[in-house]
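A look at the structure
As a plain string of letters, each chain reads:
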Amino acid sequence: MPYPFELPELGYDYDALEPHVDARTMEIHHSKHHQGYTDKLNDALEGYDDLHGKSIEELLAGLDALPADIRTAVRNNGGGYANHRLFWQIMAPGGDSSPGGDLSAAIDDAFGSFDAFKKKLASTAAGQFGSGWGWLKVSSDGNLKVASTPNQDSPLMAGYTPILGVDVWEHAYYLHYQNRRADYIEAWWEVVNWDVVAEMYETAMRYAATG
Ligand code: MN3
């Protein structure tokens, strides 16, 4: 039973991503912001027993089918729950600076080169007006796309599988970078865990292949 949802462990210490992402930001982001989304998601679903067996992916992919009085709460807080769960997973200290294998070849095919992909994602995320996320996502027919979403909207809501996401809410960077979102994104590449992103890609492609 996925419900009640629980705040996932980070898998590394709050200071592990220094100097690129500072420890205080990580602590507040995980223990306050992500905990808040998790708690509010559970609050919204309380009493809706028929929804307690649904995974977060199922809930977000099926927002239109949810009762109207909890749809916005699940969209915002369920999105926040899922987006941050992915965000912690796809970061790590001291990983490779680029992906290998199938994902590397797919990025070259889709965007021309790894550098061209990074530029496209950085400009898309930097250009998201207000709060939101920049994404690398896989379509249901197995194609890589770069996109941004506002607020806590997830690519899952539109039928895509996110495999990498960069949080561009000010709470993700303001303490260290203030208004310099582009500088934060540039530094953030240093902490991407490409092994996990490549695993997510493989899983998404298996799912795309089987429909
Ligand atoms: Mn956040």
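Keep in mind that this is a model prediction, so the values were computed, not measured. (Residues numbered from 1 in each chain as written. Predicted model: local features only at pLDDT ≥ 70, side-chain atom pairs only at ≥ 80, totals over all residues. Heavy atoms only, no water.)

1. Digging into the packing of aromatic side chains
The way to describe two aromatic rings as a pair is by their centre distance and the angle between their planes. Under the counting rule described, the total for this entry stands at 13 aromatic pairs. Between F87 and W133, the ring centres sit 5.4 Å apart and the planes meet at 90°, which makes this aromatic pair edge-to-face. With F87 in helix 3 (residues 68-89) and W133 in strand 1 (residues 132-138), the pair connects residues that are 46 residues apart, well separated along the chain. As far as burial versus exposure is concerned, F87 and W133 are alike and both buried. Grouped by ring-pair contacts, the aromatic residues F87, W88, F111, F114, F117, W133, W135, W188, W189 and W194 constitute a single cluster. Taking the ring centre of Y160 as reference, the NZ or CZ of K137 above it sits at 3.6 Å. (Phe/Tyr/Trp six-rings, centres within 6.5 Å; stacked < 30°, edge-to-face > 60°. Helix = DSSP H or I, 4+ residues; strand = E, 2+ residues; numbered from the N terminus. Buried < 20%, exposed > 50% of the residue type's maximum accessible area, 1.4 Å probe, protein only. Lys NZ or Arg CZ within 6 Å of the ring centre and 35° of its normal.)

2. Looking at a negative patch on the surface
A surface patch of negative charge is lined by D96, D102, D195, E199 and E202. Checked against the element boundaries, D195 lands in helix 8 (residues 194-210). (Patch = residues over 30% accessible without salt bridge, like charges linked within 9 Å, V, L, I, M, F, W, Y side chains within 5 Å. Areas by Shrake-Rupley, 256 points an atom, 1.4 Å probe, with all protein chains shown as cover. Salt bridge = Lys/Arg side-chain N within 4 Å of Asp/Glu carboxyl O. Lys, Arg positive; Asp, Glu negative; His and termini not counted. Charge placed at Lys NZ, Arg CZ, Asp CG, Glu CD.)

3. Focus on the layout of surface pockets
Considering only enclosed or pocket space, the largest pocket measures out at about 540 Å³ in volume. Lining of the largest pocket is provided by 24 residues; of these, E57, L156, Y160, T161 and P162 occupy positions nearest its centre. Within the residue set of the lining of the largest pocket, elements represented by two or more residues are helix 2 (56-61), helix 3, strand 1, strand 3 (161-167) and helix 8. For the lining of the largest pocket, the per-class residue count stands at twelve nonpolar, nine polar and three charged. For the lining of the largest pocket, the two domains that each supply at least three residues are domain 1 (23-89) and domain 2 (101-210). (1 Å grid on protein atoms, 1.4 Å probe; cavity = no way out; pocket = protein on both sides within 12 Å on 5 of 7 lines; lining within 4 Å. Points joined across faces, edges and corners; volume = space filled by probe spheres on them. Nonpolar A, V, L, I, M, F, W, Y, C, P; charged D, E, K, R; others polar. Domains from an automatic or database assignment.)

4. A closer look at the pattern of salt bridges
The final tally for this structure, using the stated rule, is four salt bridges. R75 is the partner of D153 in a salt bridge, and the nearest nitrogen-oxygen pair spans 2.9 Å. One end of the pair, D153, is in the loop between strand 2 (144-150) and strand 3; the other, R75, is in helix 3, with 78 residues separating them in the sequence. Residue class for D153 comes out buried when judged on its relative accessible area of 11%. Residue R75 is classed as partly exposed on the basis of its relative accessible area, which comes to 37%.

5. What to know about the domain arrangement of the protein
In terms of domain boundaries, the protein breaks down into domain 1 (23-89) and domain 2 (101-210). Between the C-alpha centres of domain 1 and domain 2 there is a distance of 20 Å. The interface is formed by 19 residues belonging to domain 1 together with 23 residues belonging to domain 2. There are one salt bridge connecting domain 1 and domain 2. Counting every contact that joins domain 1 to domain 2 gives seven residue pairs in polar contact (both at pLDDT 80 or more). Looking at the side of domain 1 that touches domain 2, the elements that each hand over two or more residues are helix 1 (23-45), helix 2 and helix 3. No other element matches helix 3, which puts nine residues into the side of domain 1 that touches domain 2. Of the residues contributing to the side of domain 1 that touches domain 2, the split by class is seven nonpolar, nine polar and three charged. (Contact = heavy atoms within 4.5 Å. Polar contact = N/O pair within 3.5 Å; in protein donor to acceptor, adjacent residues only side chain to side chain.)

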